[in-house]
Amino acid sequence: MVNAVKVYKKTAPNGKITVYLGRRDFVDTSSVTDPIDGVVVCDYDYLRGRKVFASVGITYRFGREEDEMMGVSFSKEMQLACKEIPLTNEEQTTEMQERLVKKLGANSYPFFVSIPDNAPCSVQLFSDKSAKPLGVIYELRVFVADSAQEKPHRRNSVTLAVRKVQFSPADKFLRQPSTMASKGFTFSSGKLNMEVTLDRELYYHGQQIAPTLSISNNSKKTVKNIKISVMQHVEVTMTNSLFDREVASFETREGCPITPGTHFHKTFTIQPMAKNAKTYGVALDGKIKDEDANLASTTLHKDQSDHLGIVISYSVQVDLECGALVGNLTTNLPFKLMHPAPGSDKLERGDGIEFEEFSRLRRGMSVDQNLD
């Protein structure tokens with residue numbers, strides 16, 4: 001029995017050109033970015049000497065549309081790549097393209113469009129009041145025109161949302177992170193010491209994070225409460241702004257009060273999830289309305305040069321509350337939150353292809369989940 005593989009399909013308003021994609025997530029492996037690969041079906045009589053082009057554009061919206069005034073725009077739009085699709089079947093194809101061309105017939109042609117390696121990853125920021133989504137959004141456009149410089153017309157073009165994503169590299173991030181912090185108190189001898197340790201540096205979306213706390217109270221003050229949070233750090237490079245968002249937290253009095261001269265050691269668990277984060281500016285990897293959208297993955301830098309787009313990082317924050325007059329002891333321990341690298345299983349032989357209209361699919365979903 002052959003399992004059906006879903007393929008994304010979208011047709012131009014005039015019905016003369018249709019685009020098929022086997023996936024919408026294109027992976028940045030930190031060394032190279034997968035090209036966008038698909039198949040276009042066009043009515044040859046409709047072309048009348050014109051050509052078919054495929055372009056990749058990016059919209060970088062870093063402010064709400066309703067806040068724009070006096071000609072100030074909070075978005076940048078640019079075209080990253082544009083190439084003519086050769087109306088032949090002579091190019092080297094992937095297994096998915098080969099199967100699609102065989103199924104769709106004579107007027108189907110495979111194509112590839114490369115995304116620059118230094119292009120930013122797809123990220124959307126939570127904003128329930130903005131008319132247009134905030135963040136970095138990619139679009140693939142396939143259109144018919146006399147030249148690549150000609151402005152595409154809606155009736156003879158197909159636009160599909162795609163994403164550039166990063167997966168965790170294999171055999172990397174194997175260290176066990178830890179941090180230490182201490183606090184002295186005015187007019188009081190001794191210090192409050194805390195060590196926070198994680199069992200590993202890299203966690204996958206949906207996994208629980210397990211910080212271990214080791215507290216030694218050598219001061220004369222008392223720890224009354226413990227708060228553990230997962231913080232998402234968002235850097236918007238276009239405006240050179242950096243802000244933090246809490247994506248999971250809880251408070252506990254377990255082991256409290258930690259009185260002078262005592263020790264406390266325990267491992268807690270906490271799980272950051274997109275559905276728990278409803279604060280403006282929280283970065284997600286899909287549309288806000290998608291129930292299966294995850295928090296945005298940690299951004300991996302290829303080098304030390306300036307990074308474009310929206311840069312994401314995470315840390316576990318621990319607060320020991322000692323009272324309003326003496327203050328808190330706070331420390332942050334960075335970690336990475338990503339998707340696991342997809343398997344390399346090959347497609348089964350046969351005609352197990354199931355077409356799905358592109359507009360009916362949520363952006364939080366990926367066809368990679370259906371290739372097992």
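Treat the numbers as computed from the prediction; the structure is a model and nothing was measured.

1. A closer look at the environment of Pro211
Looking at where Pro211 falls in the secondary structure, it is placed in strand 14 (residues 211-217). The exposure class of Pro211 is buried, given its relative accessible area of 0%.

2. Brief notes about the packing of aromatic side chains
A full pass over the atoms with the stated rule returns five aromatic pairs. Aromatic side chains Phe53 and Phe143 sit 5.6 Å apart centroid to centroid with 25° between the ring planes, which places their arrangement in the stacked category. On the criterion of sequence distance, the pair formed by Phe53 in strand 5 (residues 51-61) and Phe143 in strand 9 (residues 134-145) is long-range, its members being 90 residues apart. Accessibility classification places Phe53 together with Phe143 in one group, the buried group. Each ring, one from Tyr203 and one from Phe335, has its centre 5.8 Å from the other, and the planes form 90°; the classification is edge-to-face. In this pair, Tyr203 sits in strand 13 (residues 202-204) while Phe335 sits in strand 20 (residues 328-338), placing the two residues 132 residues apart along the sequence. The two residues Tyr203 and Phe335 agree in class, both being buried. Taken together, the ring pairs connect Tyr203, Tyr314 and Phe335 into an aromatic cluster. Over the aromatic face of Tyr46 sits the side chain of Arg50, whose NZ or CZ is 4.8 Å from the ring centroid. Residue placement shows Lys266 over the ring face of Phe268; its charged tip is 5.9 Å from the ring centre.

3. Some words on the sheet that holds strand 19 (residues 310-321)
Strand-to-strand pairing in sheets goes through backbone hydrogen bonds, with the strands running parallel or antiparallel. Here we have five strands laid out as an open sheet, ordered 13-20-19-15-16, and mixed in their pairing. Edge positions in the sheet fall to strand 13 and strand 16 (241-252), since each of these pairs with one other strand and no more. Sheet twist, expressed as the mean angle between neighbouring strand axes with direction ignored, is 35°. The pairing of strand 13 with strand 20 spans three bridges and is classified as parallel.

4. Quick look at helix 2 (residues 95-104)
Residues of helix 2 that are buried: Met96, Gln97, Arg99, Leu100 and Val101. Gly105 occupies a position one or two residues after helix 2 and carries a positive phi of about 105°.

5. A few points about the side chain of Asn225
Tracing the backbone through its elements, the reader meets Asn225 in strand 15 (residues 225-236). Asn225 sits in the buried class, given a relative accessible area of 4%. Side chain to side chain, Asn225 and Glu251 meet in a polar contact 2.8 Å long. Setting aside residues up to four positions removed in sequence, Asn225 forms contacts with Glu251, Thr252, Arg253, Cys256, Asp319, Leu320 and Glu321.

6. Thoughts on the pattern of salt bridges
Close approach of charged atoms allows side chains with opposite charge to pair. Throughout the structure, instances matching the rule amount to ten salt bridges. Here Arg163 makes a salt bridge to Asp25, at a shortest N to O gap of 2.7 Å. Residue Arg163 is found in strand 10 (residues 157-166), and its partner Asp25 is found in strand 3 (residues 25-28); the two are separated by 138 residues along the sequence. By the burial criterion, Arg163 is buried, and Asp25 matches it. Residue Asp199 pairs with Arg200 through a salt bridge whose shortest N-O separation is 3.2 Å. By relative accessible area, Asp199 is classed as partly exposed at 41%. Each of Arg23, Asp34 and Asp37 takes part in salt bridges that share partners, so that together they form one network.

7. Things to note about the sheet that holds strand 12 (residues 188-198)
Strands sit in the order 11-12-14-17 across an open sheet of four strands; the sheet is antiparallel. With partners counted over all chains shown, the strands left at the sheet margins are strand 11 (178-185) and strand 17 (263-267), one partner each. Averaged over all adjacent pairs, the angle separating strand axes in this sheet is 10°, with direction ignored. Pairing of strand 11 with strand 12 involves eight bridges; the strand directions are antiparallel. Looking across to strand 12, one finds that Ser182 is bridged to Asn193.

The rules behind these values
- Residues numbered from 1 in each chain as written.
- Predicted model: local features only at pLDDT ≥ 70, side-chain atom pairs only at ≥ 80, totals over all residues.
- Heavy atoms only, no water.
- Helix = DSSP H or I, 4+ residues; strand = E, 2+ residues; numbered from the N terminus.
- Buried < 20%, exposed > 50% of the residue type's maximum accessible area, 1.4 Å probe, protein only.
- Phe/Tyr/Trp six-rings, centres within 6.5 Å; stacked < 30°, edge-to-face > 60°.
- Lys NZ or Arg CZ within 6 Å of the ring centre and 35° of its normal.
- Pairing = 2+ DSSP bridges.
- Axes fitted to C-alpha atoms, helices over the stretch in contact; angles between N-to-C directions.
- Polar contact = N/O pair within 3.5 Å; in protein donor to acceptor, adjacent residues only side chain to side chain.
- Contact = heavy atoms within 4.5 Å.
- Salt bridge = Lys/Arg side-chain N within 4 Å of Asp/Glu carboxyl O.

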